[in-house]
Amino acid sequence: MGQLDGRVALVTGSTRGIGRGIAELFAAEGAKVIVNGRRQDDADAVAATIPGAVGIGADQSDLEQVRELCRKAQEAFGTVDVLVNNAAVAPRTAITRVTDDEWMDTLLVDLTGPFWMMREVIPGMKKAGWGSILNVTSGAGISGTAGFASYSAAKGGLNGLSYTLALELGRFGIRVNLLAAGALTDMLRQLPPELLDPMLDSMPSIEANARTALHLVATDGVTGQCLHPGQETASAGQP
């Protein structure tokens, strides 16, 4: 039996990278997966490679699209048991050059969008008496990363929101955790070689990120935790 047999998992930003790796592993563990990206064609193409998956295109920076995404997910499978908020943008800009539009757009995608997603699915999880939410964060939101002011601020906010919801929702059977993802993603590819190259040898794989995501989502009793890839043994206990 798979660790997610019978569960329905909605993974945002799952048409590539870490999100796709999570969607593929969750499906292999028995979940019915909703693949999401901004473009319907991309979501459909990836879903076609994952047995039983459904692709739904939606931009989580748009509240109406978020609502439609969640409605279609529930229409397809009847419920959403697992939510992985993975979609994000990470512009690299020195603080004095960050425009108001860039700041607001990053907060909208990386913080407000996940909030909207959670607000949409939590009532159904409460009714079912079970739910698992995983918010994908970054070291940038924990200790900061030079050149990523808006991204770091958004991820820091997501961290605080996640810890709060873990406390607030535990009595309803809903767990909320954080994956401090690390892999060679588009964010890191923006770094100059002198900063990026020393990281490459120790960079976790997409598969390692997905395995830790699975552990956080599937393990009963684990909530209010923030793990880096490979830290599965460090997550016992309540927040």
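Use the structure listed above.
Engineer: Go over the packing of helix H4 (residues 100–128) against helix H5 (residues 149–169) with me, naming the residues and quoting the values.
Structural biologist: Each pair of packed helices gets described by two things: the angle between the helix axes and the distance between those axes. Where H4 contacts H5, the axes come no closer than 8 Å and their chain directions differ by 20 degrees. Judged by the inter-axis angle, H4 sits roughly parallel to H5. As H4 runs across H5, the sense of the crossing is right-handed. Residues Glu 102, Trp 103, Thr 106, Leu 107, Asp 110, Leu 111, Pro 114, Phe 115, Met 118, Ile 122 and Lys 126 of H4 form the contact with H5, whose participating residues are Ala 149, Ser 150, Tyr 151, Ala 153, Ala 154, Gly 157, Leu 158, Leu 161, Leu 165 and Leu 169. The class makeup of the residues in the contact of H4 with H5 is 15 nonpolar, three polar and three charged.

Engineer: Quick one: what's the story with the pairing of strand E1 (residues 8–11), residue by residue and with numbers?
Structural biologist: Neither face of E1 is open: one carries Val 8 and Leu 10, the other Ala 9 and Val 11, and all of them are buried. Strand direction decides the pairing type here: E1 and strand E2 (residues 32–37), joined by four bridges, are parallel. Counterpart to Ala 9 in the pairing with E2 is Val 33. Crossover handedness for the path E1 to helix H1 (residues 17–28) to E2: right-handed. Note that E1 and strand E4 (residues 82–85) share three bridges and pair parallel.

Engineer: Can you tell me about the sheet that holds E2, naming the residues and giving the values?
Structural biologist: Two pairing modes exist for strands in a sheet, parallel and antiparallel, and in both the strands are linked by backbone hydrogen bonds. Here seven strands make up an open sheet; going across it, the order is E3-E2-E1-E4-E5-E6-E7 and the pairing parallel. Each having just a single partner strand, strand E3 (54–57) and strand E7 (226–227) make up the two edges of the open sheet. By the bridge criterion, four bridges tie E2 to E3 in an arrangement that is parallel. Following the sheet pairing, Gly 37 is matched in E3 by Gly 57. Here H1 sits on the sheet and contacts E1, E2, E4 and strand E6 (174–180); the angle it forms with E1, its principal contact strand, is near 170 degrees. Of the strands in this sheet, E2 and E3 are in contact with helix H2 (residues 40–47), which crosses E3 at around 165 degrees.

Engineer: I'd like a rundown of the pattern of salt bridges, residues and numbers included.
Structural biologist: Within this structure, the stated rule accounts for eight salt bridges. The partner of Glu 24 in a salt bridge is Arg 20, and the shortest N-O contact between them spans 3.1 Å. Placement of the pair is Glu 24 and Arg 20 together in helix H1, with a separation of four residues, close to one helical turn. Glu 24 sits in the partly exposed class, given a relative accessible area of 36%. Between Glu 75 and Arg 71 there is a salt bridge, with its nearest N and O atoms 3.1 Å apart. Remark: Arg 71 and Glu 75 occur in helix H3 (residues 63–77); sequence separation between them is four residues, near one turn of the helix.

Engineer: Go over helix H8 (residues 206–218) with me, naming the residues and quoting the values.
Structural biologist: Helix length check: H8, at 13 residues, gives a terminal C-alpha distance of 18 Å against a target of 18 Å (1.5 Å per residue), a fit within 8%. H8 sits mainly inside the fold: 10 of its 13 residues count as buried. Along H8, the positions that sit buried rather than exposed are Ala 208, Asn 209, Ala 210, Thr 212, Ala 213, Leu 214, His 215, Leu 216, Val 217 and Ala 218. Considering only its buried residues, H8 is in contact with H1, E4, strand E5 (131–137), E6 and E7.

Engineer: Provide a residue-level description of the packing of aromatic side chains, including the pertinent values.
Structural biologist: Scanning the model with the defined rule gives one aromatic pair in all. Arranged with centres 6.3 Å apart and planes meeting at 65 degrees, the rings of Phe 148 and Tyr 151 form a pair that is edge-to-face. In terms of burial, Phe 148 and Tyr 151 fall into one category: buried. One Lys or Arg, Arg 7, reaches over the ring of Trp 130 and ends 3.6 Å from the middle of that ring.

Quick notes on the rules
- Residues numbered from 1 in each chain as written.
- Predicted model: local features only at pLDDT ≥ 70, side-chain atom pairs only at ≥ 80, totals over all residues.
- Heavy atoms only, no water.
- Axes fitted to C-alpha atoms, helices over the stretch in contact; angles between N-to-C directions.
- Helix = DSSP H or I, 4+ residues; strand = E, 2+ residues; numbered from the N terminus.
- Parallel < 35°, antiparallel > 145°, perpendicular 65-115°, else oblique.
- Left-handed = near helix turned anticlockwise from the far one by under 90°.
- Contact = heavy atoms within 4.5 Å.
- Nonpolar A, V, L, I, M, F, W, Y, C, P; charged D, E, K, R; others polar.
- Buried < 20%, exposed > 50% of the residue type's maximum accessible area, 1.4 Å probe, protein only.
- Pairing = 2+ DSSP bridges.
- Right-handed = clockwise from strand over helix to strand, strands pointing away.
- Salt bridge = Lys/Arg side-chain N within 4 Å of Asp/Glu carboxyl O.
- Expected span 1.5 Å × (residues − 1).
- Phe/Tyr/Trp six-rings, centres within 6.5 Å; stacked < 30°, edge-to-face > 60°.
- Lys NZ or Arg CZ within 6 Å of the ring centre and 35° of its normal.

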